[in-house]
Amino acid sequence: RHAFINRVSLDYNHYTMLKFTLCLVLAASAFGQKRPITLDSMSQGGRGGGGGRGAAAPTWAPDGKTFVFRQGRSLAIYDPATRSSKDLVAVEAMDAAAAAIEASPTGQPFDWTNRRVRAGGLQFSSDGKELLYTTGGDLFLVHVDTGKWDQLTKTSAAEVDPKLSPDGKTVVFRRGWDLYSIDVASRKETPLTSHGAETLRNGGLDWVYPEELELGTAFWWSPDSKSIAYLQFDTSREPIFPHEDLLRTRALYEPERYPQAGENNADVHLGVVPAAGGPTRWLEVGDTRNSYLIARAGWMPDSKSVYAIRANRVQNRLEMLSIGVESGASSTIFRES
């Protein structure tokens, strides 16, 4: 059943992407660009670790007037008002500067969990002056006005799902199963969590949440750039399902922790940690192993409270909670059934 559903999902995603790309191709043809957007240019990305599909996705600037996209070996900026594009920066130098990624520590030739997660890619700073770019598992900051860039990390382990703070001074990312922050100016790196493991995922999702709830990330910046809210997944009590990837020429055995009806879900915890480092403050969200799913989470605008969208396991009841970070007190904003 899951193999069939996943195949349909993949086929639908490919079909949707093809339609989108063809629309861009037709638009480029109509606008008479010197360097039209093509299927090849849209699919070409950096080498591994977030430089592929994510980096090729067009990303709008904060003012909504232009967007950046991967075109061949360059990042380019397109202006819909003037129907023109210009190269921002060639990516070969950044691709070459990235450190080689080490082999999987588990020795597994697959990472099934992240196939439906759209993490990384390109991200503008809130003022539109910098662009966070990921390639080869390393992080780079491109200065939009000059096209010059700074390398933020150079490690053999991939930095995953990086996010610039709202004030543009700090980047938070996941390496392995722990979260880290790095100061853009000083390049000082600070671990935010510890003891992460395959079955204890800090800021990283299990297989069920992206697949069934389409949750694509597990940590979020506070609006004041001081704190990170994140989900921790303890999957140790989830049973292992003997899954196979049947989309290859030969099937690949991909065992995955997956609860069938009535079995244990992951224990999911919602915590808040200072972006400069320090202890995590855990917030009460209820019994997530048997009773609840945390479908969404994030910050309230005042940066003093975190919200959580909580559904019961059969998903016929839903409520939005607001939880005070300091007090831990929660209130219900609304309920649906």
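Conventions and cut-offs
- Residues numbered from 1 in each chain as written.
- Predicted model: local features only at pLDDT ≥ 70, side-chain atom pairs only at ≥ 80, totals over all residues.
- Heavy atoms only, no water.
- Helix = DSSP H or I, 4+ residues; strand = E, 2+ residues; numbered from the N terminus.
- Buried < 20%, exposed > 50% of the residue type's maximum accessible area, 1.4 Å probe, protein only.
- Contact = heavy atoms within 4.5 Å.
- Areas by Shrake-Rupley, 256 points an atom, 1.4 Å probe, with all protein chains shown as cover.
- Core = buried A, V, L, I, M, F, W, Y, C linked by side-chain atoms within 4.5 Å.
- pLDDT = per-residue confidence, 0-100.
- Pairing = 2+ DSSP bridges.
- Axes fitted to C-alpha atoms, helices over the stretch in contact; angles between N-to-C directions.
- Phe/Tyr/Trp six-rings, centres within 6.5 Å; stacked < 30°, edge-to-face > 60°.
- Lys NZ or Arg CZ within 6 Å of the ring centre and 35° of its normal.

Chemist: Whenever I open this one, the overall build of the chain confuses me. Can you help?
Modeler: Scanning the chain for helices and strands turns up five helices and 25 strands. Scored against the burial criterion, the 337 residues of the chain give a buried share of 45%. For the chain, the proportion of contacts with a sequence separation of at least 24, taken over those separated by at least 6, is 49%. Looking at the chain as shown, the accessible area adds up to about 16900 Å², and 53% of this sits on carbon and sulfur atoms.

Chemist: When you look at the nonpolar core in this model, what are you seeing that I'm missing?
Modeler: Side chains of a nonpolar character, in soluble globular proteins, are inclined to be buried together. Within the largest apolar cluster, 27 residues are counted, with the highest numbers of intra-cluster contacts made by Tyr209, Leu231, Leu270 and Val306. Looking at this core, the elements that each hand over two or more residues are helix H5 (208-213), strand S15 (227-234), strand S20 (267-274), strand S22 (292-299), strand S23 (305-312) and strand S24 (318-324). Per-element accounting of this core gives the leading share, five residues, to S22. If we ignore the near neighbours within four places in the chain, the residues touching Leu270 are Tyr230, Leu231, Arg281, Trp282, Leu283, Val285, Ala297, Val306, Ala308 and Ile323. Judged by nonpolar contacts, the second largest core, of 16 residues, contains Ala61, Val91, Phe124 and Leu131.

Chemist: Honestly, the environment of Ile309 in this entry has me stumped. Any pointers?
Modeler: Inspection of the secondary structure puts Ile309 in strand S23. Measuring from C-alpha to C-alpha, the distance between Ile309 and Ile333 comes to 9.9 Å, with 24 residues separating the pair along the chain. When near neighbours in sequence (up to four residues on either side) are disregarded, Ile309 contacts Leu293, Ile294, Ala295, Arg296, Leu318, Glu319 and Met320.

Chemist: Would you mind going over the confidence of the model for the chain with me for this structure?
Modeler: Predicted coordinates in areas of low pLDDT are best not read in detail. Chain-level statistics for the chain give a pLDDT mean of 85 and a share of 78% at 70 or above. This model gives residues 29-33 a pLDDT under 50, and the stretch forms six contacts once residues within four places in sequence are excluded.

Chemist: Just checking my understanding: could you explain the sheet that holds strand S9 (residues 159-164) for this structure?
Modeler: Adjacent strands of a sheet form backbone hydrogen bonds with each other and so pair up, either parallel or antiparallel. Pairing is antiparallel in the open sheet, where four strands are placed in the order S9-S10-S11-S12. Two strands in the sheet have a free side with no partner beyond their single neighbour: S9 and strand S12 (189-191). In this sheet, adjacent strand axes meet at a mean angle of 25 degrees when their direction is disregarded. Note that strand S11 (residues 178-183) and S12 share three bridges and pair antiparallel.

Chemist: Explain the packing of aromatic side chains to me, please; I cannot follow it from the model alone.
Modeler: Aromatic ring pairs are described here by two measures, namely the spacing of the ring centres and the angle between the planes. Tallied over the entire structure, the rule returns nine aromatic pairs. Consider the rings of Trp60 and Phe67, whose centres lie 5.1 Å apart with planes at 70 degrees: the pair is edge-to-face. On the accessibility criterion, Phe67 (8% relative accessible area) is buried. On the numbers, 4.9 Å between centres and 80 degrees between planes, the contact of Trp207 with Tyr258 is edge-to-face. Placement of the pair is Trp207 in the loop between strand S13 (200-202) and H5 and Tyr258 in the loop between strand S19 (256-257) and S20, with a sequence separation of 51 residues. A single burial state applies to Trp207 and to Tyr258, both of which are buried. Through a chain of ring-to-ring contacts, three or more aromatic side chains come together here, namely Trp60, Phe67, Phe69 and Tyr78. The ring of Tyr292 carries Arg310 above its face, with NZ or CZ at 3.9 Å from the centroid.

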